[in-house]
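Each chain is listed here by its residues.
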Amino acid sequence: MSGLPHSPHALVTGGGRGIGRAIAAALVEAGATVTVLGRNAATLEEAVSAGAAHFAAVADVSDETSMKVAIAEASARKPIDILIANAGSAESAPFSKSDSALFARMLDVNFMGVVHAVSAVLPGMKDRPYGRIVAIASTAGLKGYAYVSAYTAAKHAVVGLVRSLAIETAGSNVTVNAVCPGFTDTDLVAGSIENIMKKTGRSREQAIAELAKHNPQGRLISPREVADTVLWLCGEGAGAITGQAIAVAGGEI
């Protein structure tokens, strides 16, 4: 597997915790300069202090203006070669109880957050000899799940965006792909586990099993497994891989 070009600058949204932090750390290990972006300054600075990133940028991905400002500042430090659009949020409810505000929240963070990040980095990226955009979607971008229709719709939108952008950028040195993890061992999934326990009275082990049963391997995915897939897509040897939505889900998809 070909590695990264010499010291690229990678921006990871939602990079202070969970999958984003694992991706940031893997990119640092591979020789990238990494900026993590998110809303919580303390979480981001802790990631930097721990060596999982070099710089932190505070912004809400759903706020186009704050994203433009934060990414401009990061780009001024060093042009951005790699964008990992990872920030996301999940809320569950039956469709009958999913109002327009819930759909708007899910779209603002999970879809428009990707749009805002790509819009800020792509113009400059296309003018350079190497560029990688990877959106962290979900298996919910490839199939349906009950009780998360708004989240699923937003993740499907991310996959559609990736496929269109890949065609538009095919004449450049930029590739655009999505990575679609199944249920992953993160604090976001921990919230789902707590929700199952609260609503059903099941134990933690039973709640984990309820999520893990979607994976034919019978387990949760690890954040590092997602990070390793992202790292491969960012490598110079993956230049022909674009417009793909790669499931990291133990055979679920």
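Residues numbered from 1 in each chain as written. Predicted model: local features only at pLDDT ≥ 70, side-chain atom pairs only at ≥ 80, totals over all residues. Heavy atoms only, no water.

A. View of the overall build of the chain. A tally of helices and strands in the chain yields eight helices and seven strands. Taking 2.2 N^0.38 as the reference for a compact globule, 253 residues should give roughly 18 Å; the C-alpha atoms of the chain span a radius of gyration of 17 Å, in line with that estimate. Projected onto its principal axes, the C-alpha positions of the chain cover 55 × 40 × 40 Å. Relative to its full complement of 253 residues, the chain shows a buried share of 47%. Put simply, of all contacts in the chain between residues at least 6 apart along the chain, 68% involve residues at least 24 apart. Of the roughly 11,200 Å² of accessible surface on the chain, a fraction of 53% belongs to carbon and sulfur atoms. (Helix = DSSP H or I, 4+ residues; strand = E, 2+ residues; numbered from the N terminus. Rg over C-alpha atoms; globule rule 2.2 N^0.38 Å. Buried < 20%, exposed > 50% of the residue type's maximum accessible area, 1.4 Å probe, protein only. Contact = heavy atoms within 4.5 Å. Areas by Shrake-Rupley, 256 points an atom, 1.4 Å probe, with all protein chains shown as cover.)

B. Highlighting unusual backbone geometry. Within the chain, Ser7 stands out as a residue other than glycine whose phi angle is a positive 45°. On the secondary structure map, Ser7 appears in the segment before strand S1 (9-13). With a phi close to 75°, Tyr147 is a non-glycine residue in the positive phi region.

C. Seen up close, helix H5 (residues 149-168). The end-to-end C-alpha separation of H5 is 29 Å, in line with the 28 Å expected for 20 residues at 1.5 Å each. When H5 is considered as a whole, its buried residues turn out to be Ala150, Tyr151, Thr152, Ala154, Lys155, Val158, Val159, Leu161, Val162, Leu165 and Ala166. Structurally, H5 contributes buried residues whose contacts are with helix H4 (100-125), strand S5 (131-136), strand S6 (174-181) and strand S7 (245-248). (Expected span 1.5 Å × (residues − 1).)

D. The arrangement of the pattern of salt bridges in detail. Scanning the entire structure with this criterion turns up eight salt bridges. For Lys68, the salt bridge is made with Glu64, and the minimal N-O distance between the two is 3.7 Å. You can see Lys68 and its partner Glu64 sitting in helix H3 (residues 64-77), four residues apart, about one turn around the helix. The closest approach of N and O atoms between Arg219 and Glu225, which form a salt bridge, is 2.8 Å. Assessed through its relative accessible area of 32%, Arg219 is described here as partly exposed. (Salt bridge = Lys/Arg side-chain N within 4 Å of Asp/Glu carboxyl O.)

E. Layout of the state of the cysteines. Taken as a whole, this structure holds zero disulfides when the rule is applied. In this structure Cys180 is a free cysteine whose sulfur lies 15 Å from that of Cys234, the closest cysteine sulfur available. Classification of Cys180 by relative accessible area gives buried; the value is 0%. (Disulfide = S-S within 2.5 Å.)

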